[in-house]
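Structural overview for review
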Amino acid sequence: MSNDFYRTSILPYAAVIIKICRAYTASQEDFEDYYQEVCLQIWRSRANFRGQCSWSTWVYRVALNVCLTLLRRKKSKGHTYFSSDALPDVVTVENGAFADEQLNQLYVAVRHLSEVDRALILLYLEEKSYGEIAEVLGTNVNNIGVRINRIKERLKKIINERFN
Amino acid sequence: MNDSIETIWKEGFLHEKSLVAPSVNDLYNRKSIHLVDRIKRRFQVNLVMIVVMVVLLPVICYFMQVIWQGVAAAILLLLTAWYNKRQIDGIKSLDQGATSFEYLRSFDRWLRDVLARSVKVARFSYPLYFLIAVSTGWSAWNRQGGGDMPLIAGIIVAAATLAVFYFSDKIYRWDVRLMYGRVFNKLERTIAEMETLKQG
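Per an unreviewed UniProt entry, chain A goes by the name RNA polymerase sigma-70 factor, ECF subfamily and belongs to Parapedobacter luteus. We quote the UniProt Sequence similarities (unreviewed entry) comment for chain A here in full: "Belongs to the sigma-70 factor family. ECF subfamily."

Structural data, given as structure tokens:
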């Protein structure tokens, strides 16, 4: 991967990639692995980008696909700690992946969601339109709003139960 | 929880310093270790399978009343296992302190070297396995009162043995591809990708 490609096509979207990878990993080691794999996959698949969507949408899509694939691979190898019942909250809350405590708590709650719901809420929080969310996830735009509301309620409930 | 989720997200990331991208210089380090470990595990599994066969074959052959063929095959398998074990031990000589790219390259060279040597061994072991199989069939034929082996059958067996000897190289490579094909392809792809990455 050339430095130019990394600097111009990946680095401007690094924050987005980091936010997504954090939602699918519970340790710093995994996070760095996922981040690197996403970068590599963006570089690998650059020839497949035909300009039918924006580059940022493309980055979102690749990042989510890579995270979901790695997560499933990990699950199939028996690393079950990503299941919603047994999440290691300590990694993000006590050790603090982020400086903001409330943000750490929100991430813990996000990791309790299903894989697709995590993707959905991340895109929503990144202020993507329903159309863009549907495009990235390859779903129908119709019930996205309802689903987001349900996810938000669930997140609030999890945070209240766990941290308040 | 006083703030809305949207507010937590927006304000949380407003001054967030941890959004600095991790380094991607050592991109393949762990990947390489996983890949080599996977191949090593496959070798070990293969070795265990051979040892199990060494134990089982004479027992099965005893019940099939072809005990000598079973013992012969078991000895041949045992020699194969011993040879494979020595080859696998050679992995330890690879420089683990090298960069992941160099490590993978030296692993690939070692693998090619082992395969080249194993082809020579297969040249003799495959015809022997074939002859043991024929001998087993012949014993069964004899027990059913088949009598001596007809000359034409003897000629066919001899020709087939020569063919196995001649094509042992191809048979061995096919055998290896069948067992390790996917993981070897992965190794090739990874090295090619790393080369491209290095060229930038």
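Details of the overall build of chain B
Looking only at helices and strands, chain B features 5 helices and 0 strands. The helix and strand sequence of chain B, counted from the amino end, reads α-α-α-α-α. Counting across all 200 residues of chain B, residues that qualify as buried make up 36%. By sequence separation, contacts in chain B at least 24 residues apart represent 77% of the contacts at least 6 residues apart. Total accessible area on chain B stands at roughly 12,600 Å², and carbon and sulfur atoms take up 64% of it.

Section: the overall build of chain A
Scanning chain A for helices and strands turns up 9 helices and 0 strands. Beginning at the N terminus, the succession of helices and strands in chain A can be written as α-α-α-α-α-α-α-α-α. Across the 164 residues of chain A, 52% fall into the buried class. Contacts in chain A between residues far apart in sequence, at least 24 positions, make up 64% of those at least 6 positions apart. Counting only carbon and sulfur atoms, one obtains 46% of the accessible surface of chain A, whose full area is about 7,700 Å².

Here we look at the UniProt feature "transmembrane region" (unreviewed entry) in chain B
Within this structure's numbering, the places UniProt gives as "transmembrane region" (unreviewed entry) are residues 43-60, 66-83, 121-141 and 147-167 of chain B. Taken as a whole, residues 66-83 of chain B contains 94% helix and 0% strand, while its terminal C-alpha atoms sit 26 Å from one another.

Some points on the nonpolar core
The nonpolar side chains of soluble globular proteins are, as a tendency, buried together. I20, Y24, I42, L106, I121 and L155 of chain A are the most contacted members of the largest nonpolar core, which totals 59 residues. Per-element tally for this core: the top contributor is helix α4 (residues 55-76) of chain A, with 12 residues. Those residues in contact with L155 of chain A, other than ones at most four positions away along the chain, are L106, A109, V110, L113 and I121 of chain A together with I5 of chain B. Ranked by size, the runner-up nonpolar core spans 39 residues in total, among them I50, L94, I132 and F184 of chain B.

Concerning the side chain of R118 of chain A
Residue and element names in this part refer to chain A. Among the secondary structure elements, R118 is positioned in helix α7 (residues 115-125). An unpaired buried charge is present at R118: no salt bridge exists, and E115, the closest side chain of opposite charge, is 5.4 Å distant. Polar contacts involving the side chain of R118 include one to the main-chain carbonyl oxygen of L113, which spans 3.2 Å.

Structural notes on unusual backbone geometry
Of note in the backbone geometry, E127 of chain A takes a positive phi value of approximately 60 degrees without being a glycine. For E127 of chain A, the location among the structural elements is in the loop between α7 and α8 (130-137). Of note in this structure, Q65 of chain B is not a glycine but carries a positive phi near 60 degrees.

Some thoughts on the packing of aromatic side chains
Residue and element names in this part refer to chain B. Counted by the stated rule, this structure contains 14 aromatic pairs over all chains. Each ring, one from Y62 and one from F63, has its centre 5.4 Å from the other, and the planes form 75 degrees; the classification is edge-to-face. By relative accessible area, F63 is classed as exposed at 64%. Members of the aromatic cluster, joined through ring pairs, are F43, F107, W110, Y180 and F184. A cation over an aromatic ring shows up here: R123 above the ring of F165, its NZ or CZ 5.5 Å from the ring centre.

Things to note about the packing of α7 of chain A against helix α1 (residues 5-14) of chain B
Two numbers describe how α7 of chain A lies on α1 of chain B: the axes approach to 10 Å, and their chain directions differ by 65 degrees. Compared by their axis directions, α7 of chain A and α1 of chain B come out roughly perpendicular. As α7 of chain A packs across α1 of chain B, the resulting crossing turns out to be right-handed. Contacts between α7 of chain A and α1 of chain B involve L122, Y124 and L125 of chain A from the former and I5, E6 and W9 of chain B from the latter. Per-class residue counts for the contact of α7 of chain A with α1 of chain B are 5 nonpolar, no polar and 1 charged.

A few points about α7 of chain A
Residue and element names in this part refer to chain A. Summarising burial for α7: 10 of the 11 residues are buried, a large majority. Within the sequence span of α7, burial applies to E115, D117, R118, A119, L120, I121, L122, L123, Y124 and L125. Just past α7, the residue E127 takes up positive phi, approximately 60 degrees.

As for the packing of α8 of chain A against helix α9 (residues 144-163) of chain A
All names here are of chain A. In contact at an axis separation of 10 Å, α8 and α9 are set at 90 degrees when each is read in the N-to-C sense. Viewed along their axes, α8 and α9 adopt a mutual orientation that is roughly perpendicular. Every residue of α9 that contacts α8 at Y130, I133 and A134 is listed here: I144, G145 and I148. For the contact of α8 with α9, the class distribution of residues is 5 nonpolar, 1 polar and no charged.

Some remarks on the environment of A26 of chain A
Residues and elements named next belong to chain A. Along the chain, A26 falls in the loop between α2 (14-24) and α3 (28-44). On the accessibility criterion, A26 (5% relative accessible area) is buried. Here the alpha-carbon distance between A26 and Y107, two residues 81 residues apart in the chain, equals 9.6 Å.

Cut-offs applied
One numbering rule holds for all chains: residues counted from 1, following each sequence as written. Following the order in which they are written, the chains are lettered starting with A and the ligands numbered starting with 1. Side-chain atom pairs in this predicted model are given and counted only at pLDDT of 80 or more, local residue features only at pLDDT of at least 70, and totals for whole chains, interfaces and linings cover all residues. With hydrogens and water excluded, all non-hydrogen atoms of the structure serve as input to the side-chain values. UniProt positions are given in the numbering used here, feature names are shortened, and annotations may be inferred rather than shown by experiment. Helix and strand labels come from DSSP, where a helix needs a run of H or I of at least four residues and a strand needs a run of E of at least two; each type is numbered from the N terminus. The classification of residues rests on relative accessible area computed with a 1.4 Å probe and restricted to protein chains. Under 20% of the type maximum is buried, over 50% is exposed, and intermediate values are partly exposed. What makes two residues a contact is simply this: any of their non-hydrogen atoms within 4.5 Å. All accessible areas in this document rest on Shrake-Rupley with a 1.4 Å probe, and a residue is counted as covered only by the protein chains that are shown. Within this scheme, the nonpolar core is defined by two criteria: the residues are buried Ala, Val, Leu, Ile, Met, Phe, Trp, Tyr or Cys, and they are joined through side-chain atoms within 4.5 Å. Charged residues are defined narrowly, with Lys and Arg counted positive, Asp and Glu counted negative, and His plus the chain ends left uncounted. Throughout this description, the term salt bridge denotes a Lys or Arg side-chain nitrogen within 4 Å of a carboxyl oxygen of Asp or Glu. N or O atoms within 3.5 Å of each other form a polar contact, as long as, within protein, one can give a hydrogen and the other can take it, and as long as residues adjacent in sequence are counted only when both atoms are side-chain atoms. Ring pairs are drawn from Phe, Tyr and Trp, using the six-membered ring of Trp, whenever the two centres fall within 6.5 Å, and their geometry is named by plane angle: stacked under 30 degrees, edge-to-face over 60, tilted for the rest. Comment: the charge-over-ring label is applied if NZ (Lys) or CZ (Arg) is within 6 Å of the ring centre and within 35 degrees of the ring normal. Working convention: axes come from line fits to C-alpha atoms, limited for helices to the stretch in contact. Angles between N-to-C directions cover 0 to 180 degrees. Any angle between 65 and 115 degrees counts as roughly perpendicular, while under 35 counts as roughly parallel, over 145 as roughly antiparallel, and the rest as oblique. By convention, the crossing between two helices is left-handed when the near helix turns anticlockwise from the far helix through less than a right angle, and right-handed when the turn is clockwise. For this classification, the nonpolar set comprises Ala, Val, Leu, Ile, Met, Phe, Trp, Tyr, Cys and Pro, the charged set comprises Asp, Glu, Lys and Arg, and every other residue, Gly included, is treated as polar.

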